[in-house]
Structures are given as C-alpha cells and as structure tokens.
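Below are the chains, spelled out letter by letter.
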Amino acid sequence: MVEGDIHKAKITRPLLRGSLPRERLFRLLNGARDRPVTWVSGPPGSGKTTLVSGYLESRKLPCLWYRVDKGDADPATFFHYLGIATQAALPRKRKPLPRPEPSDLSGIGPFARRYFGELFGRIGSRAILVFDEWENAIPGSPVETAVREGIHLLPKGFRAIFVSRSEPSPDFIREVDSRRLESIGWKELRLTPEETAEIARIQRKDVSPETIRYLHGKAGGWVTGVLLLLERAQRDGIQPQHIGRQTPEEIIEYFGGELFRNLDAETRAFLARIAFLPRMTARTAEALTGHPGASRILSYLYRHNLFTEVHPGEEPVYEFHSLFREFLLHHAKGVLSLEEVSATQRRAAALLEDSGQTADAVDLLRRCGDFRGVCRVIRKEAASLVLEGRSQTLGEWILCLPEDLRAGDPWLLYWTGVCSRMRDSAESRAAFERAFDLFSRTGEEAGAFLSWSGIVDAILFEWNDFRPLDRWIDWLDRRVAEGAAFPSAEVEARVSASMSGALLRRRPHHPDIRAWVDRALSASRAAGDGNLRVQSMVRAANHHHWTGDRAAASLALEEIRLLSRSPTVSPGHAILGMSLEASTLLWAEADTAGALRIVSEGLDAARRLGASQWDHLFFAAGAYAALLAGDGKAAGEYLGKVKAALPASRRFAECQYDHLCAWHHLLRGDPQGAAAHAGRALANAEAAGAVFPEILCRLAAANIAEGRGEREEAKALLLGVGDRIRSSGNRMFEFMERLTAARIAFGSGDE
C-alpha cells in the first residue's frame with residue numbers, strides 16, 4: 001500500500017465520477033462569499049461533498065480539505081493532520097506548524113488561536129478551508145472549540161465551509177455569530193426536475209421524459225436515490241416505488257442487498273472482507289482477499305456510482321460510503337465464518353498498520369479481541385505519538401486494554417505515566433513507580449532508567465514535597481557506583497536532566513552535582529532535544545549562581561535567552577526559561593528595569609502561547625523588582641496577582657509567596673506581619689524539603705527576629721545553617737549567613 005496516498009485520502013478533495021455541475025447551488029455558494037462561514041447540511045447521499053468539491057473545481061479555488069473522523073476526538077491528531085494538509089498544499093513552506101504540548105490540551109483555545117493565526121498567514125486569501133463530515137466532531141469537544149477559535153481569526157477574504165449531515169448547533173451559531181454564517185440545507189440540496197433530468201442524461205443518454213418524471217417523483221430530490229434507480233430500473237422485481245418514503249439507511253440496505261444478491265459468492269466474500277478496511281488501494285484489497293480481480297471490482301463500483309468514491313494519488317484510494325460499509329460489515333457474518341472474520345480482521349489490521357493507519361489498526365484489533373496485537377502496536381508507535389503531541393490518543397489505546405494486561409506490562413505502565421503527567425502528576429508518578437518495579441525485576445535497563453526519570457520529574461513538577469527524591473537519588477548513585485551504563489543517548493539525556501534537578505532541590509552539597517549539571521547539558525545537546533536543553537540550562541544557571549560562578553551563569557543565561565525564543569522549544573519550556581531570565585536579572589544583577597521588561601514579555605508570551613499556569617512566576621518576579629526598587633504599592637499589586645494565580649496544594653509556590661510578603665511588610669514598617677509571613681514561608685520550605693529555599697527563609701526569619709529584638713530566636717534559626725551552606729559551596733548564602741550572624745552579634749553587644 002502507498003502509505004502517503006492513504007493518509008492523503010483524509011486531506012484530499014475527493015474526485016466523484018460523472019457528477020452534475022450544479023450551477024444553481026454554485027451561485028448560492030458564490031453569494032455566500034461575503035460571509036466567512038458556509039454550512040452545507042443534508043442527509044447521507046444528498047450530494048453535499050459532491051457539491052462543494054464541484055464548486056471548488058469549477059471556480060478553480062484553492063482549498064485545504066479536511067475530513068473529520070472519530071480519531072479527531074484527540075485535538076493533537078486533528079492539528080497533526082491539518083498540518084500535513086497545509087504542508088501538502090504549500091510544499092515550499094518548510095517550517096511546520098506548531099504542535100500542541102500536553103499542557104495545551106487542558107484549554108485548547110490559546111493554542112488554537114496561535115495555530116490558526118500561523119495557518120492563515122501562510123495560505124492565500126482565496127483559499128477555502130473545508131471540513132467534510134463535520135457530524136463526526138463531538139459537540140463541545142476540544143476540536144470543535146479549536147475550530148470555532150479559528151473561525152474568529154478568519155481574515156477578510158478567507159472562507160470556511162462545513163459539510164455535515166446535521167444543521168449547525170445553536171451553540172455553534174451563537175459562538176460564530178449568525179450574521180457571519182450562511183446555510184445551505186436539504187431544501188436547497190434537493191434536486192430540481194431539471195437537475196434530475198441532467199443526471200439521468202449523464203448516466204443514460206436514452207432516458208425518456210416519462211422515466212425522468214418517475215425518477216424525480218420517486219427519489220424525492222435525493223441524488224443517491226436517482227442514481228440507484230437508474231442503475232436498477234431495468235431489472236425486474238426491484239419495486240422501487242416506495243423509495244421516496246424511505247430513509248437513506250433503508251434505501252442503502254435495500255439496494256445494497258439487491259446488489260449483494262446478484263453477485264457470485266466469491267465477489268460477495270471479497271466485498272465482505274475489504275469492508276474491514278476503511279479505505280484501500282486495489283493492491284491492498286488484493287493482499288487482504290487474494291482476489292485477482294480486486295482492481296476490476298473496485299473500478300466497476302466507482303464507475304457505476306455504487307456507494308464508492310476515489311481519492312487520486314500514485315495509486316487510487318477507494319472508500320465506501322459509510323452506510324454501505326456498515327451494510328457490508330453487518331452482512332459479513334452471513335458470508336464468512338467466525339474463524340474467517342477473525343482471520344480477516346487480523347490480516348486487515350496488519351495491512352493498516354503497515355500503511356501507517358495505526359488508529360484504524362488498533363480499533364480493528366480491539367474489536368476482534370486481539371489485545372496482544374494492540375500492545376504490540378502501542379510499543380511500536382508510542383514514542384512517535386508522544387512526539388507528535390498525541391498523548392490523548394495513546395492514552396485511549398491503553399485504556400481499551402484489559403486491566404490485568406495493563407497492570408502486568410511495564411511499558412504500558414510507563415506510557416500511562418507519560419500520558420497523564422500534565423493532567424495528574426500523582427497518577428503519573430504512581431504509574432511510573434509501578435513500571436519501575438516491573439522493569440527492575442526483569443532487568444530491562446532502558447525502561448528502569450526512563451521510569452526513574454519520570455518519577456523524579458513528577459516530584460519536581462508537583463512543587464509540593466521534594467523529600468521523596470532522596471530515595472531516587474540514592475538509587476541512581478548506587479547504579480553509577482556499580483558501573484551501570486545508559487543504553488542510549490536519549491536515556492542519558494533524560495536521566496541526567498532529572499538528576500541535576502533532583503540534586504539542586506535536595507542535595508546541593510552532593511559531590512557530583514557539577515558533573516551531573518555538565519552531563520545534562522552535553523547529553524541534551526547530543527540528543528537534539530530543545531526542551532531538555534532549556535530544562536538543563538535553567539538548572540545549570542541556578543547551580544552556577546548559587547555557587548558564585550558568575551561567568552558560567554552568564555553563559556547559561558545567554559543560551560536560555562536564545563532557546564526560550566526559539567520555535568523548536570515548547571511553550572512551557574519557553575516560559576520557564578523567560579521566568580528564570582527575569583529572576584536572574586534581579587538577584588544577580590539587581591536590574592529591575594530589565595527584569596520588568598522580561599516580566600511583561602513573558603506574560604504576553606504566556607497569553608499568546610496559552611501557558612498561563614506559570615503566570616505566578618512572572619508576577620513573583622514583578623513583586624521582587626518592585627521591592628528592590630522600594631515601590632511598596634507596585635509590590636502589593638504584584639503580590640495580589642501572585643496569590644490569585646498560585647497553583648493549588650504546592651508548598652514551594654506558597655513558600656515563595658510568603659517570603660516576598662514578609663519583605664513587603666518590612667518595607668511597609670510592619671515587622672509583626674513580616675514575622676508571620678516569614679514563619680509560614682519557612683514552614684512551607686521545610687515541608688517541601690527544598691534545601692536552599694529553606695536556608696534562605698531561615699536567614700530572612702533570623703533577620704526579622706533580630707530586628708524585633710528577638711535575638712535568641714534569631715540565633716536558634718541560624719543553628720547549623722553555616723555548616724550546611726559551606727558544605728554546598730554556596731558562596732552567596734555563605735556571605736548572607738555571615739552578615740546575619742554579625743548583625744545578631746552586634747545587636748547583642750558582642751562586637
């Protein structure tokens with residue numbers, strides 16, 4: 001099978017043989033040009049797709065054609081294929097459209113605006129965006145939300161056409177604005193007598209006026225009804241006189257059955273088997289069935305308008321009308337034995353997988369109960385799906401498996417952790433831990449290392465309690481001491497990045513922390529992963545600043561500046577880099593003006609990229625800048641924004657907030673309020689197990705206590721702090737600790 005052509009069937013305007021150019025409706029579509037959205041709706045077989053395709057062809061209009069199916073329930077899949085459609089339409093535009101990050105999927109609107117903004121900037125103003133079979137889009141789904149966001153951005157001259165069996169929902173009309181929407185419905189789609197006559201003459205040149213009147217009256221203006229009557233009108237016993245009172249489903253059942261009964265047993269079995277393929281080339285159909293006449297049969301069905309359409313390509317791709325395919329699948333049980341059905345499903349799934357139609361392959365394997373086959377596809381495709389941002393699809397595949405299979409397969413558990421890490425970090429961590437245990441028992445090094453990294457990253461991401469990191473730091477220390485080697489460059493990059501983050505939070509005094517920081521940087525560069533590079537650079541910059549290596553810190557910060565503005569870096573990592581840039585300008589350079597510029601730029605980028613979950617970091621940097629400048633009013637405003645944006649149940653974020661509030665109260669001349677906030681900040685730092693923040697909070701609390709004349713409490717807060725600082729090599733903190741101790745001694749009269 002030609003893999004590219006099969007995928008193109010989803011994003012290619014279909015070719016429909018012998019279709020009637022419906023100028024009456026073309027004029028309606030032309031008249032709708034002043035409204036950016038056109039909605040074409042009608043029952044199956046009423047000529048919707050044919051109308052829009054014919055209109056685009058007759059007017060020579062460029063288009064992006066996208067056929068919606070059940071796989072588009074995952075918004076990442078939708079954007080993935082829309083990107084392929086754009087790339088195919090504009091091959092000279094080599095830069096790909098952005099991919100959604102897992103964090104984008106919880107609120108798709110901001111990403112959709114960015115995506116469609118870039119899309120509309122690339123295609124010409126005459127291009128039309130067509131969404132065919134829109135009835136497959138779930139109302140209120142992220143994809144529907146994303147497309148509505150895109151419609152709001154349609155520039156002047158751009159149009160979107162929706163083709164659907166159903167009329168637009170009230171919510172869609174309200175969201176889009178009825179003044180911007182033109183509808184063409186079943187009333188307009190019904191054939192006129194003249195159009196019925198034209199179709200009859202295209203199909204059969206010798207049709208009499210009496211036959212045309214009969215066709216039009218019995219078909220009731222339904223295009224497929226006319227075509228079927230023309231095909232069967234000369235056969236005895238067809239009795240089509242009630243066609244006008246039947247539904248499309250009933251008619252296809254009737255005529256499909258008539259077609260089926262007039263075929264030989266071999267051809268019936270052929271059709272029953274290929275119905276398991278959602279779309280196929282003649283070569284694929286022959287590979288599935290062994291029937292040497294596959295090309296001839298498919299061509300006949302298409303040429304005679306028998307529920308078949310074709311998509312052009314190196315090899316034509318055939319596709320049955322959805323109702324006819326359902327008919328064939330239903331009747332397959334009467335043509336094939338249970339063993340033949342099962343064998344055909346497995347063979348069809350293998351062909352689908354080979355052609356890259358993995359979602360259809362998984363669906364077929366699931367339906368025939370071949371869950372081991374589903375597992376095999378998941379293991380093969382998981383990494384690619386995650387890279388494409390399609391974690392939701394991967395998660396759905398895993399959830400369709402029996403519980404005992406999921407619980408006993410470490411790779412399924414690992415990918416479960418990957419799929420849930422942005423949605424629920426606790427669930428993600430639990431899945432990684434179960435995977436780690438199973439990998440450790442079987443001695444699978446790559447899986448154990450990756451699961452270890454997933455666990456550590458989940459703990460770091462939670463920003464709540466870093467103390468569990470101790471167990472995992474000790475495990476990796478033992479493995480390194482035993483001489484364990486990383487099985488790949490990617491594994492080394494991920495583990496090194498995670499270890500440097502873990503040591504920075506829990507073991508800044510670790511003898512190998514600098515080696516791990518450097519290793520994370522070199523490994524992330526070798527792996528070519530921009531997100532890991534930003535993550536490793538942020539941790540390196542923090543480490544260098546803590547230890548007083550200003551030259552190394554400046555180099556790291558300069559690279560962060562470049563990376564965080566690179567299109568190869570995800571929105572979340574870009575925001576992370578910019579937030580560090582702002583805070584570094586403050587506590588390393590005291591550059592309040594420069595930091596506030598980064599705060600403004602970062603907040604704008606967060607809104608544009610849909611990464612507002614990190615706004616509290618920028619608001620905190622803004623508060624820090626205002627406090628450095630002695631501007632209590634601005635600091636209070638920023639702190640109010642920090643409090644409103646604080647993520648729930650994250651002690652480390654609360655620690656940062658209270659620490660800044662203590663400073664703000666001191667600036668206002670309120671040492672009692674400062675002491676209360678300093679106490680809360682220290683309690684949260686201790687509960688979070690964050691070593692350097694705890695030390696910083698102790699130093700702040702000690703200074704506040706000394707200022708209030710509570711020198712014994714100040715001394716107690718400093719007990720053991722000096723030794724901890726000196727063991728970590730943090731020269732900045734060592735200076736602060738000595739200065740605080742000297743202040744307490746001076747206040748006590750011990751000069």
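The rules we used
Residues numbered from 1 in each chain as written. Predicted model: local features only at pLDDT ≥ 70, side-chain atom pairs only at ≥ 80, totals over all residues. Heavy atoms only, no water. Salt bridge = Lys/Arg side-chain N within 4 Å of Asp/Glu carboxyl O. Buried < 20%, exposed > 50% of the residue type's maximum accessible area, 1.4 Å probe, protein only. Pairing = 2+ DSSP bridges. Helix = DSSP H or I, 4+ residues; strand = E, 2+ residues; numbered from the N terminus. Axes fitted to C-alpha atoms, helices over the stretch in contact; angles between N-to-C directions. Contact = heavy atoms within 4.5 Å. Phe/Tyr/Trp six-rings, centres within 6.5 Å; stacked < 30°, edge-to-face > 60°. Left-handed = near helix turned anticlockwise from the far one by under 90°. Nonpolar A, V, L, I, M, F, W, Y, C, P; charged D, E, K, R; others polar.

Draft legend 1. Expanded view of the pattern of salt bridges. Inspection of every chain in the model, using the stated rule, returns 59 salt bridges. The shortest N-O distance in the salt bridge between Lys60 and Glu57 comes to 3.3 Å. According to the relative accessible area criterion, Glu57 is partly exposed, its value standing at 39%. Between Asp465 and Arg467 there is a salt bridge, with the nearest N and O atoms lying 2.9 Å from each other. Of the residues examined, Asp465 reaches a relative accessible area of 18% and is grouped as buried. Arg467 sits in the partly exposed class, given a relative accessible area of 40%. Each member of the salt-bridge network shares a partner with another, and the members are Glu558, Arg561, Arg565, Glu581 and Glu601.

Draft legend 2. Region of interest: the sheet that holds strand S4 (residues 159-164). One open sheet holds the five strands; their spatial order is S2-S3-S4-S1-S5, and the pairing between them is parallel. Looking at the sheet topology across the chains shown, the edges are occupied by strand S2 (63-67) and strand S5 (181-184). Neighbouring strand axes in the sheet, compared pairwise and without regard to direction, differ in orientation by 15 degrees on average. Examined bridge by bridge, strand S3 (residues 128-132) and S4 share four bridges and lie parallel to one another. Bridge pairing in S4 links Val130 to Ile161. Packing of helix H3 (residues 48-58) onto the sheet brings it into contact with strand S1 (37-41), S2, S3 and S4, and relative to S4 it is tilted by some 155 degrees.

Draft legend 3. Region of interest: the packing of aromatic side chains. A full pass over the atoms with the stated rule returns 35 aromatic pairs. Where Phe320 meets Phe324, the ring centres are 5.4 Å apart and the plane angle is 80 degrees; that geometry is what we call edge-to-face. Here the aromatic rings of Phe436 and Trp475 are separated by 5.1 Å at their centres, their planes lie at 80 degrees, and the arrangement is edge-to-face. With Phe436 in helix H23 (residues 425-442) and Trp475 in helix H25 (residues 469-481), the pair connects residues that are 39 residues apart, well separated along the chain.

Draft legend 4. Layout of unusual backbone geometry. The phi dihedral of Lys60 is positive, around 55 degrees, even though this residue is not glycine. By the secondary structure assignment, Lys60 is in the loop between H3 and S2. Exposure remark for Lys60: the relative accessible area of 60% places this residue in the exposed category. A positive phi angle is found at Trp463, which is not glycine, with a value near 55 degrees.

Draft legend 5. Main features of the packing of helix H26 (residues 489-506) against helix H28 (residues 530-547). Contact pair H26 / H28: the axes reach a minimum separation of 10 Å and the direction vectors enclose 30 degrees. At the point where H26 passes H28, the crossing takes the left-handed sense. Side by side, H26 and H28 meet where Ala493, Arg494, Ala497, Ser498, Ser500, Gly501 and Leu504 of the first sit next to Leu532, Gln535, Ser536, Arg539, Asn542, His543 and Trp546 of the second. Of the residues contributing to the contact of H26 with H28, the split by class is five nonpolar, seven polar and two charged.

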